[in-house]
Amino acid sequence: MNGVYPLPPAQLRGAGLTSQRARDQLAAVLRESGIADPHVIDVMRNLPRHHFIDQALHARAYENTALPIGHGQTISQPWVVARMTEALLEFGMPQRVLEIGTGSGYQAAVLAALVPEVFTVERIEELLRQARRRFRQLGLVNLRSRHDDGKLGWPDQAPFDGIIMTAAGDTVPSRILDQLSPAGVLVAPVGSPSRQTLIRMRGDGHGDFALEELGAVSFVPLLGGIG
Ligand code: SAH
């Protein structure tokens, strides 16, 4: 763990339903529901999720549920964030991770506490603007973001040894797969809006990728173009 923020800045630590106690309870829920990686749990125990959502929803920030962030999008359920993060890191620490679908910025911030370099792409400019402000307030320096259609990946920064998609397409776009290094790991939801599966692809270093299914999930759709 690179320990970018062992604890949030004092003004972001919250009180009452956004206090450390609420985050401790969420960490316990994650542990009891099968999240095994203690580093992932520690990061989520420290990262103020309420900082990534509208004030009107702060009281629900540490419930284990997805919440609306505007523009028809959601911040993912904490359990799903934890599961995808540990699935990405299970075979070793990637050095450079690409996320498609910045949204609130929460998943990217979780990753930034664990891996050396994070790159995240969002198609809705206003969401990205808000996420960038949150990253600045948390002092995250190992995270870069881009306003673009994430179906194109981030070619200038490729290859990545980890890729995580937080919006679901029918398949993983080929341009994104092309940006995964030969021994890289990709975690993504794929399928139709009513039936999605979390998949993991792991490269053998020689051009073949093993595919695993990690269970049913529910994500917003991967759209084309920028908004
Ligand atoms: N990782 C986010 C989850 C946000 S929901 C979080 O932690 O909050 C998924 C996000 O993917 C939405 O913000 C949506 O606008 C974005 N998205 C959908 N299609 C996209 C595309 N083609 N390129 C980039 N972002 C996309």
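For clarity, every value in this text was computed on a predicted model and none was experimentally measured.

Draft legend 1. Representation of the overall build of the protein within the structure. Counting its secondary structure elements, the protein contains six helices and nine strands. In summary, the protein has a C-alpha radius of gyration of 16 Å against a globular reference of 17 Å for 227 residues, a match within 12%. Expressed as lengths along the three principal axes of its C-alpha atoms, the size of the protein is roughly 50 × 35 × 35 Å. A total accessible area of about 10,100 Å² is found for the protein, and carbon and sulfur atoms account for 51% of it.

Draft legend 2. Spatial organisation of the sheet that holds strand S9 (residues 209-217). Read across the sheet, seven strands follow the order S5-S4-S3-S6-S7-S8-S9 without closing on themselves; strand pairing throughout is mixed. Looking along the sheet, the strands with just one partner apiece sit at the ends: strand S5 (143-147) and S9. Neighbour to neighbour, the strand axes of the sheet diverge by 15° on average, direction disregarded. The sheet contact formed by strand S6 (residues 160-165) and strand S7 (residues 180-192) spans four bridges and is parallel. Looking at S7, one finds that Ile163 is bridged to Leu186. Running over the sheet, helix H3 (residues 78-89) touches strand S3 (96-100), S6, S7, strand S8 (195-203) and S9 and is turned about 155° from S7. Each of strand S4 (117-122) and S5 is contacted by helix H5 (residues 125-138), which is oriented at about 165° to S5, the strand it contacts most.

Draft legend 3. Here's a closer look at the packing of helix H1 (residues 20-32) against helix H2 (residues 38-46). Running from N to C, H1 and H2 cross one another at 155°; their axes reach a closest spacing of 8 Å. The orientation of H1 relative to H2 falls into the category roughly antiparallel. The crossing of H1 and H2 is right-handed. For the pair formed by H1 and H2, the contact residues are Gln20, Arg23, Asp24, Ala27, Leu30 and Arg31 on the first element and Ile41, Met44, Arg45 and Asn46 on the second. Of the residues in the contact of H1 with H2, the class split is four nonpolar, two polar and four charged.

Draft legend 4. Just the pairing of S4, in detail. The buried count for S4 comes to five of six residues, which makes it a mostly enclosed element. Pairing of S3 with S4, which is carried by five bridges, proceeds in the parallel orientation. Note on S4: the bridge partner recorded for Leu98 is Phe119. In this view, the connection linking S3 to its parallel neighbour S4 by way of helix H4 (residues 106-112) has right-handed handedness. As defined by bridge partners, S4 adjoins S5 across five bridges and the pair is classed as parallel. Residue pairing across strands places Val118 opposite Leu143, the latter belonging to S5.

Draft legend 5. Just the pairing of S8, in detail. Most of S8 is tucked away, with seven of its nine residues classed as buried. As paired elements, S7 and S8 share eight bridges and run antiparallel to each other. Across the sheet, residue Val190 finds its bridge partner in S8, namely Thr197. The antiparallel hairpin formed by S7 and S8 contains two residues in its connecting segment. As paired elements, S8 and S9 share eight bridges and run antiparallel to each other. Looking at the pairing, Thr197 lines up with Ala216 of S9.

Draft legend 6. Highlighting unusual backbone geometry. The amide bond that connects Ala158 to the next residue, Pro159, takes the cis arrangement and shows omega of 5°. Looking at where Pro159 falls in the secondary structure, it is placed in the loop between S5 and S6. A positive phi angle, close to 55°, is found at His71, a residue other than glycine.

Rules used in this analysis
- Residues numbered from 1 in each chain as written.
- Predicted model: local features only at pLDDT ≥ 70, side-chain atom pairs only at ≥ 80, totals over all residues.
- Heavy atoms only, no water.
- Helix = DSSP H or I, 4+ residues; strand = E, 2+ residues; numbered from the N terminus.
- Rg over C-alpha atoms; globule rule 2.2 N^0.38 Å.
- Areas by Shrake-Rupley, 256 points an atom, 1.4 Å probe, with all protein chains shown as cover.
- Pairing = 2+ DSSP bridges.
- Axes fitted to C-alpha atoms, helices over the stretch in contact; angles between N-to-C directions.
- Contact = heavy atoms within 4.5 Å.
- Parallel < 35°, antiparallel > 145°, perpendicular 65-115°, else oblique.
- Left-handed = near helix turned anticlockwise from the far one by under 90°.
- Nonpolar A, V, L, I, M, F, W, Y, C, P; charged D, E, K, R; others polar.
- Buried < 20%, exposed > 50% of the residue type's maximum accessible area, 1.4 Å probe, protein only.
- Right-handed = clockwise from strand over helix to strand, strands pointing away.

Any functional reading would require information that these geometric values do not contain.
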